[in-house]
Amino acid sequence: VVEPAPPQPKPPKVETPIDERLEGFLPREDGSRLAYAAETGTKILSASFIDNGTLMLTISATKGKETRWSLERFEIASATSVKLLDGTSARLASSHRPVHRNVNRFCYSERDAKRGVFEIWCTDLDGKNPKQITMHDGKEDLLSPAISPDGLWIVFAVVADKPKPQGASIWKVRLDGSDLQQLTRGGDDRRPTWSD
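Our subject in this report is the structure included herewith. (Residues numbered from 1 in each chain as written. Predicted model: local features only at pLDDT ≥ 70, side-chain atom pairs only at ≥ 80, totals over all residues. Heavy atoms only, no water.)

## Points about the side chain of S48
No. 1: As for its position among the elements, S48 is in strand β3 (residues 42–51).
No. 2: Residue classification places S48 among the buried residues on the basis of a relative accessible area of 3%.
No. 3: A distance of 3.3 Å separates a polar atom in the side chain of S48 from the backbone oxygen of S94.
No. 4: Filtering out sequence-adjacent residues up to four positions away, S48 remains in contact with T54, L55, M56, S94, S95, H96 and P98. (Helix = DSSP H or I, 4+ residues; strand = E, 2+ residues; numbered from the N terminus. Buried < 20%, exposed > 50% of the residue type's maximum accessible area, 1.4 Å probe, protein only. Polar contact = N/O pair within 3.5 Å; in protein donor to acceptor, adjacent residues only side chain to side chain. Contact = heavy atoms within 4.5 Å.)

This is how it looks when you write it as structure tokens:
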């Protein structure tokens, strides 16, 4: 006579191993993890890859009447960020190629407090030694600087939106601020980038 086997406990649920680079991220039911949670009054205005594991973030944070602007290097695996530039002066990094590791530079637009227009600036990857690349006397904003793959040029948009939208054109300048050249005219060309 064969008796039925007694009921067996369910085997323990085997958890899916998590890539160790993602340790510390908050898990969700679908397996994704939260990398960054902005505090109240904080906005991520742009994010761009520096490399496969690092982002450059443009962040604005408003408390009361004061707005602070920061450019931060964000390490995806550890979910940590380092403020490279921080202050009340508006700063915007491009969403494509603001950084070139081989020439140890990243470029951004910063609003000139006296004239109220954005100029192109570059600094070391650690936020030190900022250098103003452009200085123009018009009312246009110089935005979205992107460094060429060879590390020699910065391409950017000249945006004439004051007092009303009037279009934009693409320009380029050498990383040292010399040899300024207009590439497009007569359209509404914005957010330039480089192909590889």
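Having seen the structure, we can now continue with the description.
## Some remarks on the state of the cysteines
No. 1: Tallying each qualifying case throughout the model produces 1 disulfide.
No. 2: A disulfide bridge connects C107 with C122, and the sulfur atoms are separated by 2.0 Å. Across the disulfide from C107 to C122, rotation about the S-S bond amounts to roughly 95°, and the bridge is consequently right-handed. On the criterion of sequence distance, the pair formed by C107 in strand β9 (residues 105–111) and C122 in strand β10 (residues 118–123) is long-range, its members being 15 residues apart. Assigned by exposure class, C107 and C122 land together as buried. (Disulfide = S-S within 2.5 Å.)

## Some points on the side chain of T123
No. 1: One can find T123 in strand β10.
No. 2: Side-chain polar atoms of T123 contact the backbone oxygen of G127, separated by 3.4 Å.
No. 3: Beyond its immediate chain neighbours, meaning those up to four positions away, T123 contacts L85, N104, R105, F106, Y108, K128, N129 and P130.

## Some remarks on the pairing of β9
No. 1: With respect to burial, β9 is a largely interior element, 6 of its 7 residues being buried.
No. 2: In the sheet, strand β7 (residues 91–92) pairs with β9 via 2 bridges, with the strands oriented antiparallel. Note on β9: the bridge partner recorded for R91 is E110.
No. 3: Pairing of strand β8 (residues 99–100) with β9 involves 2 bridges; the strand directions are antiparallel. The residue of β9 that forms the bridge with V99 is F106.
No. 4: In this structure, the hairpin formed by β8 and β9 is closed by a connection of 4 residues, where N104 is found at a positive phi of approximately 55°.
No. 5: Counted along the chain from β9 to the antiparallel partner β10, the turn is 6 residues long, and its residue G116 has a positive phi close to 75°. (Pairing = 2+ DSSP bridges.)

## Re the pairing of β10
No. 1: A large share of β10 lies buried, amounting to 5 of its 6 residues.
No. 2: When β9 meets β10, the two strands line up antiparallel, connected through 6 bridges. Across the sheet, residue S109 finds its bridge partner in β10, namely I120.
No. 3: For β10 and strand β11 (residues 131–132), the ladder comprises 2 bridges, and the chain directions are antiparallel. Bridge pairing in β11 places W121 opposite Q132.

## Quick word on the sheet that holds β3
No. 1: On the basis of which strands lie adjacent, the open sheet formed by 4 strands has the order β3-β4-β5-β6 and antiparallel pairing. The open sheet has two free edges, formed respectively by β3 and β6 (80–87), since each of these has just one partner strand. Averaged over all adjacent pairs, the angle separating strand axes in this sheet is 25°, with direction ignored.
No. 2: Direction of pairing for strand β4 (residues 54–63) relative to strand β5 (residues 66–75): antiparallel, over a ladder of 10 bridges. Counted as the bridge partner of T62 is T67 from β5. (Axes fitted to C-alpha atoms, helices over the stretch in contact; angles between N-to-C directions.)

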